[in-house]
Amino acid sequence: IYTNLIKLEDDPNKTIGLVAIIEDVTEIRKLEKMRSDFVANVSHELRTPLTSISGFVETLKSGAIDDEKTKMRFLDIIEIETERLRRLIDDILTLSEIENTKRSQKQDFNTTELIAEVEQIIMPIATNKNVEVVSEIEQGLPMITGNPDWFKQMLINLMDNAIKYTPEGGLVNLSAYSKYNKIIISVKDTGIGIPKQDIPRLFERFYRIDKARTRKIGGTGLGLAIVKHIALSFNATIKVNSDLGKGTEFIIIIPTKA
Ligand code: ADP
């Protein structure tokens, strides 16, 4: 609680009254803190690949460029780190767009068709990693109202994670069906799983269970924060079930028009 006392006076030597303005600033403070934490995190996340890029450029310039093998190795690292920077910037912009555009252009869309499009996008990634994708999509699912691009992005992020955190030879199941004016979409993998204590924090920006490992895998730590905000725009609920070492299931429950 923040109290502000303002003196009322016409003659500077004579006080004629006091006005107390009391407002609850805890919520404002919390938001301000979240914003400044986010900026600090973004700066840190952007600086890490940048430092690496400039370091390797410097080393190349001071002689390493003359050795063909070293040169290629360093250029590969520079390429990977540049790609990482690009992904980070893309994700930061996506998140900011979703958070700030409260009323994005909403439209009714064909859910079954969009899920099929997501499958097309995700298949090559799964094949590349030798992860099998099995999908069971109910035909003629009810329409959903919202931003169709965001809907696709939400599923792509979940499928992408399922593949990323599932070892080669594993299986990812995508299913969607409707029940009682709701569409239930499940993305289930046979991957590494998530420790119970981490589940409540998964959707925080830049939250990663094992920083070193996920950095190697190439995540930005923003994928699930994006999923959460998109789900909110659809008034959807998200459930997470996970068994460490066995697999994880993300379930999105989206209300449809009655
Ligand atoms: P990232 O870009 O690091 O994947 P996300 O926000 O998408 O960030 O996910 C946050 C963290 O949650 C990940 O770093 C990972 O540790 C964990 N995670 C997300 N999805 C899965 C999954 N399907 N299986 C296991 N761990 C997961």
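Everything discussed here concerns the structure shown above.
Residues numbered from 1 in each chain as written. Predicted model: local features only at pLDDT ≥ 70, side-chain atom pairs only at ≥ 80, totals over all residues. Heavy atoms only, no water.

**Student:** In this structure, what is going on with the sheet that holds strand β9 (residues 247–255)? I would like to understand it.
**Tutor:** Pairing is mixed across the open sheet formed by 5 strands, whose spatial order is β4-β6-β7-β9-β8. Of all the strands in the sheet, the pair left with one neighbour each is β4 (132–137) and β8 (237–243). In this sheet, adjacent strand axes meet at a mean angle of 10° when their direction is disregarded. Two elements, β8 and β9, share 7 bridges in a ladder whose sense is antiparallel. Within the sheet, the bridge partner assigned to Lys239 lies in β9 and is Ile251. Sheet strands in contact with helix α4 (residues 148–164) are β4, β6 (171–179), β7 (182–189) and β9, and its direction is about 25° off that of β7. (Pairing = 2+ DSSP bridges. Helix = DSSP H or I, 4+ residues; strand = E, 2+ residues; numbered from the N terminus. Axes fitted to C-alpha atoms, helices over the stretch in contact; angles between N-to-C directions. Contact = heavy atoms within 4.5 Å.)

**Student:** So what exactly am I meant to see when it comes to the site of the ligand here?
**Tutor:** In the vicinity of the ligand, 22 residues are found, and the nearest of them are Asn161, Tyr165, Thr220, Gly221 and Leu224. Asp189 is positioned with one of its side-chain polar atoms (N or O) 2.9 Å from a nitrogen atom of the ligand. Within the backbone of Thr220, one N or O atom sits 2.8 Å away from an oxygen atom of the ligand. Protein chains shield 99% of the accessible area of the ligand, which is 530 Å² for the free molecule. (Near = heavy atom within 4 Å. Polar contact = N/O pair within 3.5 Å; in protein donor to acceptor, adjacent residues only side chain to side chain. Areas by Shrake-Rupley, 256 points an atom, 1.4 Å probe, with all protein chains shown as cover.)

**Student:** Looking at this model, I keep getting lost on the packing of aromatic side chains. Mind explaining?
**Tutor:** Centre distance and the angle of the planes are the two values used to describe a pair of aromatic rings. Inspection of every chain in the model, using the stated rule, returns 6 aromatic pairs. An angle of 65° between the planes, with centres 4.8 Å apart, marks the rings of Phe56 and Phe74 as edge-to-face. One end of the pair, Phe56, is in helix α1 (residues 26–61); the other, Phe74, is in helix α2 (residues 68–100), and 18 residues separate them in sequence. Taking the relative accessible area as the measure of exposure, Phe56 reaches 23% and is therefore partly exposed. Directly above the ring of Phe38 sits Arg205, whose terminal nitrogen or CZ lies 4.2 Å from the centroid. (Phe/Tyr/Trp six-rings, centres within 6.5 Å; stacked < 30°, edge-to-face > 60°. Buried < 20%, exposed > 50% of the residue type's maximum accessible area, 1.4 Å probe, protein only. Lys NZ or Arg CZ within 6 Å of the ring centre and 35° of its normal.)

**Student:** So what exactly am I meant to see when it comes to the pairing of β6 here?
**Tutor:** Here is the key point about a regular strand: its side chains alternate between the two faces of the sheet. Where β4 meets β6, 6 bridges bridge the pair, whose relative direction is parallel. The residue of β6 that forms the bridge with Val134 is Asn173. Note that β6 and β7 share 8 bridges and pair antiparallel. Bridging across to β7, Ser175 finds its partner in Ser186.

**Student:** How should I be thinking about the packing of α4 against helix α6 (residues 223–233) in this particular structure?
**Tutor:** Two numbers describe a pair of packed helices, the interaxial angle and the distance between the axes. Relative to each other, α4 and α6 sit at 145°, their axes nearing to 9 Å. By crossing handedness, the relation of α4 to α6 is classed as left-handed. Residue-level contacts link Trp150, Phe151, Gln153, Met154, Asn157, Leu158 and Asn161 of α4 to Gly223, Leu224, Ile226, Val227, Ile230, Ala231 and Ser233 of α6. Of the residues assigned to the contact of α4 with α6, the class counts are 9 nonpolar, 5 polar and no charged. (Left-handed = near helix turned anticlockwise from the far one by under 90°. Nonpolar A, V, L, I, M, F, W, Y, C, P; charged D, E, K, R; others polar.)

**Student:** Sorry, what's going on with the environment of Ile163 here?
**Tutor:** Within the element layout of this structure, Ile163 appears in helix α4. By relative accessible area, which is 1% here, Ile163 ends up buried. A C-alpha to C-alpha distance of 32 Å links Ile163 and Lys69, two positions 94 residues apart in sequence. If we skip the residues at most four places from it in the chain, Ile163 touches Ile122, Ile125, Ala126, Lys129, Val131 and Val172.

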